[in-house]
Amino acid sequence: RKFEAYAAGRPFLPCACRCAYLEVREQRQQNHRSGISLGQDVLELLARERDEQQEMLDARLRALEDCLRELPGADAALIHGRYHARLTIDKLAAQVEMSQRTLFRNLERVRRLLFDCISRRLAAEGSS
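Presented here is an overview of the structure given in this document. (Residues numbered from 1 in each chain as written. Predicted model: local features only at pLDDT ≥ 70, side-chain atom pairs only at ≥ 80, totals over all residues. Heavy atoms only, no water.)

What follows is about the nonpolar core. Of all hydrophobic cores here, the largest spans 15 residues; its most connected members are Cys 67, Leu 71, Ile 79, Leu 103, Leu 107, Val 110 and Leu 114. If you tally residues by element for this core, the top one is helix α6 (residues 100-127), at six residues. Residues in contact with Leu 107, not counting those within four places in the same chain, are Leu 78, Ile 79, Arg 82 and Ile 89. (Core = buried A, V, L, I, M, F, W, Y, C linked by side-chain atoms within 4.5 Å. Buried < 20%, exposed > 50% of the residue type's maximum accessible area, 1.4 Å probe, protein only. Helix = DSSP H or I, 4+ residues; strand = E, 2+ residues; numbered from the N terminus. Contact = heavy atoms within 4.5 Å.)

Remark: helix α4 (residues 73-84) packs on helix α5 (residues 89-96), axes separated minimally by 10 Å, with the N-to-C direction vectors making an angle of 150°. Between α4 and α5, the interaxial angle falls into the category roughly antiparallel. Remark: the crossing between α4 and α5 carries right-handed chirality. Seen from α4, the contacting residues are Leu 78, Gly 81 and Arg 82; seen from α5, they are Ile 89, Leu 92 and Val 96. (Axes fitted to C-alpha atoms, helices over the stretch in contact; angles between N-to-C directions. Parallel < 35°, antiparallel > 145°, perpendicular 65-115°, else oblique. Left-handed = near helix turned anticlockwise from the far one by under 90°.)

Attention shifts here to helix α3 (residues 54-70). Look at α3: 25 Å from first C-alpha to last across 17 residues, which is about the 24 Å you get at 1.5 Å a residue. Of all the residues in α3, the buried ones are Gln 54, Ala 59, Ala 63 and Cys 67. (Expected span 1.5 Å × (residues − 1).)

Below you can see the structure in the form of structure tokens.
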């Protein structure tokens, strides 16, 4: 909803996190009567911790981008269809001609490959 506020050329993730922070604050103000809301101090703590993790998050994102480029074509197509094109499971299963159950298993396998690849890259960066 707030994508138009994003200035091209600036890092997207910090901008998105700031928008999310402001949205949470707004929701908190609107719903303060419910009695189930985070205190301002907790929100600020979460925001500070997220800012402190920015460097690590950036490194994970770079590793993910590298790992995505290394995926075999069929695996890359699954990830692209599900997360970039935002296809529903029904539509993606039909597109790649497999059952939903097989699609879920394949997506889980590819997610695990990506997780392992990211972990290896970060460990290698840490040791260099």
